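One-letter residues, chain by chain:
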2 protein chains.
Amino acid sequence: MIIDIHGHFTTAPKALDEFRAAQLRGERSGLAPISDDELRESVANNQLRVMQERGGDVMLLSPKASGMEHHVPDPEIANAWAAVSNSLVHRVSELYPKNFAPVAQLPQTPAGNVAGVLAEIRRTVEDLGFVGVNLNPDPSGTWAGQPLTDPAWFDIYELLEELDVPAMVHVSTACNPNFHTLGAHYLNADTSVFMQLLQSDLFERFPRLRFVIPHGGGAVPYHWGRYRGLAMRYGWPDPSDLLSHVYFDTCVYHQAGIDLLLDVVPSTNILFASEMLGAVRGADPDTGVEWDDTLAYLRGAWLPARDREAVLCENALRVYPRLADRFPRP
Amino acid sequence: MIIDIHGHFTTAPKALDEFRAAQLRGERSGLAPISDDELRESVANNQLRVMQERGGDVMLLSPKASGMEHHVPDPEIANAWAAVSNSLVHRVSELYPKNFAPVAQLPQTPAGNVAGVLAEIRRTVEDLGFVGVNLNPDPSGTWAGQPLTDPAWFDIYELLEELDVPAMVHVSTACNPNFHTLGAHYLNADTSVFMQLLQSDLFERFPRLRFVIPHGGGAVPYHWGRYRGLAMRYGWPDPSDLLSHVYFDTCVYHQAGIDLLLDVVPSTNILFASEMLGAVRGADPDTGVEWDDTLAYLRGAWLPARDREAVLCENALRVYPRLADRFPRP
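An account of the accompanying structure is given in this report. (Residues numbered from 1 in each chain as written. Chains lettered and ligands numbered in written order. Predicted model: local features only at pLDDT ≥ 70, side-chain atom pairs only at ≥ 80, totals over all residues. Heavy atoms only, no water.)

**A look at the interface of chain A and chain B**
Taken together, the 59 residues of chain A in the interface contact 59 residues of chain B. The largest contributions to the chain A side of the interface with chain B come from N178(A), Y222(A) and R226(A), which together make up 19% of the buried area. Viewed at the interface, chain B and chain A are joined by six salt bridges. Between R226(B) and E275(A) there is a salt bridge, with its nearest N and O atoms 3.1 Å apart. Applying the counting criterion to the chain A and chain B interface returns 34 residue pairs in polar contact (both at pLDDT 80 or more). For the side of chain A that touches chain B, the secondary structure elements donating two or more residues are α7 (181–198), α9 (224–234) and α10 (255–264) of chain A. When grouped by side-chain class, the residues that make up the side of chain A that touches chain B number 30 nonpolar, 21 polar and eight charged. (Contact = heavy atoms within 4.5 Å. Buried area = accessible area lost by both parts, 1.4 Å probe. Salt bridge = Lys/Arg side-chain N within 4 Å of Asp/Glu carboxyl O. Polar contact = N/O pair within 3.5 Å; in protein donor to acceptor, adjacent residues only side chain to side chain. Helix = DSSP H or I, 4+ residues; strand = E, 2+ residues; numbered from the N terminus. Nonpolar A, V, L, I, M, F, W, Y, C, P; charged D, E, K, R; others polar.)

**Details of the pattern of salt bridges**
All names here are of chain A. For the coordinates displayed, the defined rule picks out 36 salt bridges over all chains. A salt bridge links E76 to R28, with the shortest nitrogen-to-oxygen separation between them at 3.2 Å. With E76 in helix α4 (residues 75–95) and R28 in the loop between α1 (14–24) and α2 (36–44), the pair connects residues that are 48 residues apart, well separated along the chain. Using a relative accessible area of 74% as the deciding quantity, one classes R28 as exposed. Salt-bridge contacts for R208 lead to E161; the nearest nitrogen and oxygen are separated by 3.6 Å. Here R208 is found in the loop between α8 (202–205) and β6 (211–213), whereas its partner E161 is found in helix α6 (residues 154–163), with 47 residues between them in sequence. Ionic contacts of the salt-bridge type, sharing partners, join the residues R54, E290, D292 and D293 into one network. (Buried < 20%, exposed > 50% of the residue type's maximum accessible area, 1.4 Å probe, protein only.)

**A few points about unusual backbone geometry**
Each neighbour pair has its own omega, and for M276(A) with L277(A) the value is -5°, a cis peptide bond. For L277(A), the location among the structural elements is in the loop between β8 (270–271) and α11 (294–300). Even without a glycine there, the phi angle at H215(A) is positive, about 50°. Note that H215(A) resides in the loop between β6 and α9. Residue classification places H215(A) among the buried residues on the basis of a relative accessible area of 0%. If you check the backbone angles, N113(B) has positive phi at about 50° while not being a glycine.

**Focus on the relation of the copies chain A and chain B**
Expressed as a screw operation, the relation of chain A to chain B combines 0.0 Å of axial shift with a rotation of 180°, fitting to an RMSD of 0.0 Å. Taken together, these values place the two copies in the relation of a two-fold axis. Residue A219(A) of chain A places its C-alpha closer to the rotation axis than any other residue of that unit, at 2.1 Å. Comparing interface residues between copies, 100% of those in chain A also sit at the interface in chain B, which points to an isologous, same-surface contact. (Least-squares fit on C-alpha atoms with pLDDT ≥ 70 in both.)

**Structural notes on the sheet that holds strand β5 (residues 167–169) of chain A**
Paired through their backbone hydrogen bonds, the strands of a sheet run either parallel or antiparallel. Residue and element names in this part refer to chain A. As summarised here, the arrangement of the eight strands in space is β1-β2-β3-β4-β5-β6-β7-β8, forming an open sheet in which the pairing is parallel. On the outer flanks of this sheet lie β1 (3–9) and β8, each paired with one strand and no other. With five bridges joining them, β1 and strand β2 (residues 58–63) adopt parallel strand pairing. Residue I3 lies in a different strand from β2, and its bridge partner there is V58. Here helix α3 (residues 47–54) sits on the sheet and contacts β1, β2 and β3 (100–105); the angle it forms with β2, its principal contact strand, is near 150°. (Pairing = 2+ DSSP bridges. Axes fitted to C-alpha atoms, helices over the stretch in contact; angles between N-to-C directions.)

**Focus on helix α6 (residues 154–163) of chain B**
All names here are of chain B. Across the ten residues that make up α6, a large majority, seven, are buried. Along α6, the positions that sit buried rather than exposed are F154, I156, Y157, L159, L160, E161 and L163. Buried residues in α6 make contact with α5 (114–127), β4 (132–135), β5 (167–169), α8 (202–205), β6 (211–213) and α13 (321–326). Directly beyond the C-terminal end of α6, a positive phi value near 60° is found at D164.

**Description of the side chain of D138(A)**
All names here are of chain A. Tracing the chain through its elements places D138 in the loop between β4 (132–135) and α6. No salt bridge is formed by the buried D138; its nearest oppositely charged neighbour, R20, is found at 14 Å. Side-chain polar atoms of D138 contact the side chain of S140, separated by 2.8 Å. Looking at D138, its side chain comes within polar contact range of the side chain of H185, at 3.5 Å. Setting aside anything within four residues of it in sequence, one finds D138 in contact with W143, A144, V171 and H185. (Lys, Arg positive; Asp, Glu negative; His and termini not counted.)

**Quick word on helix α1 (residues 14–24) of chain B**
All names here are of chain B. Taken residue by residue, α1 has A15, L16, F19, R20, A22 and Q23 as its buried positions. Seen end-on, α1 carries its buried residues on one side only, within an arc spanning 160°. Following α1 by one or two positions, G26 adopts a phi angle in the positive range, close to 90°. (Arc of directions from axis to C-beta.)

**Some remarks on the packing of α7(A) against α9(A)**
All names here are of chain A. Across the interface, α7 lies against α9 with an axial gap of 11 Å and an inter-helix angle of 25°. Classified by the angle between their axes, α7 and α9 sit roughly parallel to one another. Considering how the two elements wind past one another, α7 and α9 form a crossing that is right-handed. Counting all contacts with α7, which are made through T191, F194, M195 and L198, the residues of α9 involved are W224, Y227 and L230. (Parallel < 35°, antiparallel > 145°, perpendicular 65-115°, else oblique. Left-handed = near helix turned anticlockwise from the far one by under 90°.)

**A closer look at a negative patch on the surface**
There is a patch of like negative charges on the surface, built from D259(A), D263(A), D259(B) and D263(B). Residue assignment for the negative patch shows that the elements contributing at least two residues are α10 of chain A together with α10 (255–264) of chain B. (Patch = residues over 30% accessible without salt bridge, like charges linked within 9 Å, V, L, I, M, F, W, Y side chains within 5 Å. Areas by Shrake-Rupley, 256 points an atom, 1.4 Å probe, with all protein chains shown as cover. Charge placed at Lys NZ, Arg CZ, Asp CG, Glu CD.)

In C-alpha cells form, the structure reads like this:
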C-alpha cells in the first residue's frame, strides 16, 4: 500500500467557491447542493486518476490550503468555512473509502478562535473520523501572530495529544506582496517553524505532539549543517532530537532534491506525499516526468527496500494512528 | 587564488559597538579612535587566520549583517552608522590589501533613504574602491516594504549598473519573533527574493544588474523543480533564465547541501563563500570539519577542475569587476 499524506481538494465543485464568495460578501447562504456524482467526478479524473496511474493507493485529502484564508478575522465566517470545506473532503472519503482519508482545515483566525478550532477538531476527528489536521502557523498571513511555541497554541496541542492526531503545519495565502504564496510563503513557513521548534522545549511539555512539515521541510534539509551548527553554538539539542516529533513530507519536485532529503533525514521521518493537485502542474520537458510525481523520484532514488516501505506506507500508519485504524495491516 | 565573497567583520573592536549604542541613545559622539594595531588584531587571529589555514587568499569583507539594523528609521543615524561601519572594513582592506576587499553596508531605512543610499554607494565604490554592496530587501525587518522589483528600488539599480557593481541581497536582524534571524530570516529572504525576481521582468529593464543570493540561495536549489514547475504553470521564463543576473554563494554547511548546489546550479553561477565568522562556529563532532569550512565541502565534492576554478576564483572576478581591478590576472 502506497499512502500519499499530502493531497488537497483543489478541484472542488464550483458551489464551494460560490459559497465562499457569498460569505465574503456578508451573505449567510448555505452551500448549494452537490450531488455524489458531481463529487465523484471532481476527483475521479483528477487526484484519484493521477494517484492510481502513478501507482498510489491512498491519499490524505484536505481542503485547498491557499483557500483556507485564515486572515479573514470573523470567527463565525471561519467556523462555517472550515465546516463546509471539511464536509466535502469527508464526503469524498466516504465515496472512496479505500482511496481517501480526510484531513481537516481548522477555523483559525488572526486572533486565534481557539474555541472554534477545538470544536472543529473534535467534530472532524471524533465524529467524522478525520485522521489529521492542517495547522496554520501564520493565520494572519502577515506573520502578525506568535510562534507555534507560544502558550497561545497550547490548548490546541492538548487536544491533538488527547486525540492522538498529528498536525501538518501548513500556511494559507500570503498577505504580503514580498512573499509569493506557493514559491516563497509555503517554504518560508516550513523553515521558520522548524527553527521555532529548535529553539524551544515544546516537546518536553507535549511529548506526544507530532508535526508534519510539508514541502520537504522548506529549506531545512538543504541547510541541515547550518541547523546543527546553530544548535551547537546556542547550546540547544541537536536538530535530530526533534525527529521524535517532527516529520517531513516528500513534496520536492526534482530528483536531486529528493536525493538530498533521503540522504540527510532518516527514512523513519520522511512521509511520501505529492501535494497534488497542488502548486505545480505539468511535466518537466527534459524528462517527461510530471513535476509532482514524487513517487517517480523515490523510485529513482537509492533506497533500501525496508526504508522505501517506511517512506511509502509504514511511517504514515505510525504517525497517523487513525489512518492505521482505517487501513489495518493484513 | 581562492576568493571568499562573503565574510563579515563580526570581530570589530568594541569602539564600534559603543558608537552604535551611543547613537541609539540619541548621542552624536564620534567613533573613539581605533589604532591600526587594534584593527589588525581584530582580524589577524580571526577571519584572516581561519581563511589562510583553510587555504583561502582573499575575502570580500562587509560589516556585520545582523548589525546593519536598517529598521531604525532615522536616516541620519543610518547614514552615520553605515559610514562608520564601512570606514572600518575599508581600513582593514587597506591594512591587508592582498587579503581583503571591502563591501559596503548601505544606510537603508524602512522608508528607503534612497538619497543616503546613493551617496554612500558613490562614496564607497567611487572614492574608496569598494567592490560590492549588501542590499537589504527588507529594511523594516518585518517585510513592511515593497519587493525588490518595485520601482522604489530603481534609482539604486541605475547606480549599481553605472558603477558596474553587484549587490549581495542580505537582510539584517529580524524584527518578528516568528523568524530567527540566522536560522529563518536569512534563508527566507533568499528564497523570497528569488521568487520576486522570477515573477518580474526586472532584468529586462536593468540588463547589467547582478544580484548575489547568499546562503546557497536559501531554499531555492533544493526546490529547483518547484520553481521550474511554477514558472511553467504561470508562463514565466524558466528560472535558469535568471542566471545571467543571479548568483548563489556556497554558504551551505554540510557536504550533502553543497553537493546538491553543485548538482543543480551551473558552476558559472556559484561563488565560493563561507560567511565567516558568521552564523555558525565550531566543528561537526562527527567529522571534525568546521561547519563554515565550505572549502572543505567543495574539495569533497565531485567537480571538474575547470568548474572548481570558476567557483573558487573566476566567477568572483567576473561578477565583481572592481575586484578584478584590484587583483589583475597574472
